[in-house]
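Structural overview
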Amino acid sequence: MSERAHEKYQRLLDFCKTLPPTPTAVVHPCDESSLRGAVDAARLGLIAPILVGPKARIEATAKQFGIDLDGCPIVDAAYSQESAAKAVDLVREGKAEALMKGSLHTDELMGAVVRRDAGLRTARRISHCFVMDVPSYAETLVVSDAAINIAPTMEDKVDIIQNAIDLAHALRFPEVRVAILSAMETVNPKVPSTVEAGALCKMADRGQITGAIIDGPLALDNAISLESVKIKHIDSPVAGRANVLIVPDLEAGNMLAKSLSFLAGADAAGIVLGARVPIILTSRADSVIARLASCGVAVLVAHARREAASKAVS
């Protein structure tokens, strides 16, 4: 892939380098990709990793693959669920401002995050966003939710949309334009996602969702292609130039994100929002630049939260 394909991510990483490294609990980094990803991000000054997991295994993995752990503290934990619990404790104690998934199952990590007694829940529903660098599209695209909420209700979608809008602001989008996707651009009572999209737009009109221009239902072509908008005579400030895409359910989102990755050469940085801190979710299939961009996205979210907290105090 050409360097030009990563211009959007490079701008993101360049800005992150002007900020202090974000203290990040790296949960159970017991394989090469998760351990190297954390160390690479630390070397770039994005994060200050605290490695949480079985000390002997982490050190053995580092030795086997020639990864230098100098300056990376290790919090010993015997197994993956204990690693997740101890990482969550670091956040609750104020020692970490982000979590990063290592070589454990996402369910194990999220189980510790959403625990009612000792987790990191907020009033918001937790949701996932892909921040996508698509070479053929001028803007960075946020796609939600393709990994956490399987069949979200309309109530869930209010939080999913608000989380995605807040992320777009943390990423410093000059204007946030949200397309609520379906299979068509008209409300059809036989297609529930079109009815929900229409209702969600009215909620935005009434101030129940804030911080963006929102339109829907829109089919994918209407959302991102100005040519399609002209042909179909759609009058909308979002159509053809959306930078946040809200999908009807996890299956649609997962297929959309993977289609962009594998057919359009896009990279996808993954982040989980709605908890007390951003959670970096990477896959073993991710490219190096996508892994670093995931860390960069979390850095900007953590930075936006610090700024909001300082404004609230002042």
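Report on the accompanying structure.

Procedures and definitions
Residues numbered from 1 in each chain as written. Predicted model: local features only at pLDDT ≥ 70, side-chain atom pairs only at ≥ 80, totals over all residues. Heavy atoms only, no water. 1 Å grid on protein atoms, 1.4 Å probe; cavity = no way out; pocket = protein on both sides within 12 Å on 5 of 7 lines; lining within 4 Å. Points joined across faces, edges and corners; volume = space filled by probe spheres on them. Nonpolar A, V, L, I, M, F, W, Y, C, P; charged D, E, K, R; others polar. Buried < 20%, exposed > 50% of the residue type's maximum accessible area, 1.4 Å probe, protein only. Helix = DSSP H or I, 4+ residues; strand = E, 2+ residues; numbered from the N terminus. Pairing = 2+ DSSP bridges. Right-handed = clockwise from strand over helix to strand, strands pointing away. Axes fitted to C-alpha atoms, helices over the stretch in contact; angles between N-to-C directions. Parallel < 35°, antiparallel > 145°, perpendicular 65-115°, else oblique. Left-handed = near helix turned anticlockwise from the far one by under 90°. Contact = heavy atoms within 4.5 Å. Salt bridge = Lys/Arg side-chain N within 4 Å of Asp/Glu carboxyl O.

**Examining empty space enclosed by the protein**
For the coordinates displayed, the defined rule picks out one cavity of 30 Å³ or more. Of the volumes computed, that of the largest cavity is approximately 40 Å³. Taken together, Ser144, Asp145, Pro152, Lys157, Ile160, Ile246, Val247, Pro248 and Asp249 make up the full set of residues lining the largest cavity. Across the lining of the largest cavity, the residue classes break down as five nonpolar, one polar and three charged.

**Looking at the pairing of strand E1 (residues 22-27)**
The buried count for E1 comes to five of six residues, which makes it a mostly enclosed element. Judged from the six bridges that link them, E1 and strand E2 (residues 47-53) form a sheet pairing that is parallel. Bridge pairing links Pro23 to Ala48 in E2. On the question of chirality, the crossover connecting E1 to the parallel E2 by way of helix H2 (residues 32-43) is right-handed.

**Topic: the packing of helix H6 (residues 154-170) against helix H7 (residues 192-205)**
Where H6 meets H7, the closest approach of the two axes is 11 Å, and the angle between their N-to-C directions is 55°. In this view, H6 runs oblique relative to H7, as classed from their interaxial angle. Crossing hand, H6 versus H7: right-handed. For the pair H6 and H7, contact is made by Met154, Lys157, Val158 and Ile161 and by Glu196, Ala199, Leu200 and Met203, respectively. Of the residues belonging to the contact of H6 with H7, the class tally is six nonpolar, no polar and two charged.

**Describing the layout of surface pockets**
Of the voids in this model, the largest pocket is the one considered here, and its volume is about 830 Å³. Residue lining of the largest pocket: 32 residues in total, with Thr282, Ser283, Arg284, Ala285 and Asp286 positioned closest to the centre. Breaking the lining of the largest pocket down by element, the ones donating at least two residues are H2, helix H5 (106-113), strand E5 (127-133), helix H10 (250-263), strand E10 (267-273) and helix H11 (288-313). Among the elements that make up the lining of the largest pocket, the one with the highest residue count is H10 (five residues). Here the residues of the lining of the largest pocket are counted per class, giving 11 nonpolar, 13 polar and eight charged.

**A word on the sheet that holds strand E4 (residues 98-101)**
Read across the open sheet, the 11 strands follow the order E3-E2-E1-E4-E11-E10-E5-E6-E9-E7-E8; overall the sheet is mixed. In this open sheet, the two edge strands, each paired with only one partner strand, are strand E3 (74-76) and strand E8 (213-218). Relative to strand E9 (residues 244-246), strand E7 (residues 177-181) runs parallel, the two being bridged by three bridges. Opposite Ile180, over in E9, you have Ile246 as the bridge partner. Of the strands in this sheet, E7 and E8 are in contact with H7, which crosses E8 at around 165°. Most of the contacts of H10 go to E5, to which it runs at about 20°, and overall it touches E5, strand E6 (141-144), E7, E9 and E10.

**Observations regarding the pattern of salt bridges**
One pass over the structure, following the stated rule, counts 17 salt bridges. Its salt-bridge partner being Asp117, residue Arg115 comes within 2.8 Å of it at the nearest N-O pair. One network of salt bridges, in which partners are shared, links Glu139, Glu175, Arg177 and Arg241.

**A few points about the environment of Pro217**
The residue Pro217 is located in strand E8 in this model. Judged by relative accessible area, which is 5%, Pro217 ranks as buried. Sequence spacing of Pro217 and Thr186 is 31 residues, and the spatial spacing of their C-alpha atoms is 6.3 Å. When residues no more than four places from it in sequence are discounted, the contact partners of Pro217 are Ile180, Ser182, Met184, Glu185, Thr186, Val187, Thr194, Ala197 and Gly198.

**Things to note about the pairing of E5**
When you tally the buried positions in E5, you get seven out of seven residues, the bulk of the element. Sheet topology note: the E5/E10 ladder contains seven bridges and is antiparallel. Across the sheet, the residue bridging to His128 is Val272, located in E10. With three bridges connecting them, E5 and E6 associate as antiparallel partners. Bridge pairing in E6 links Phe130 to Val143.

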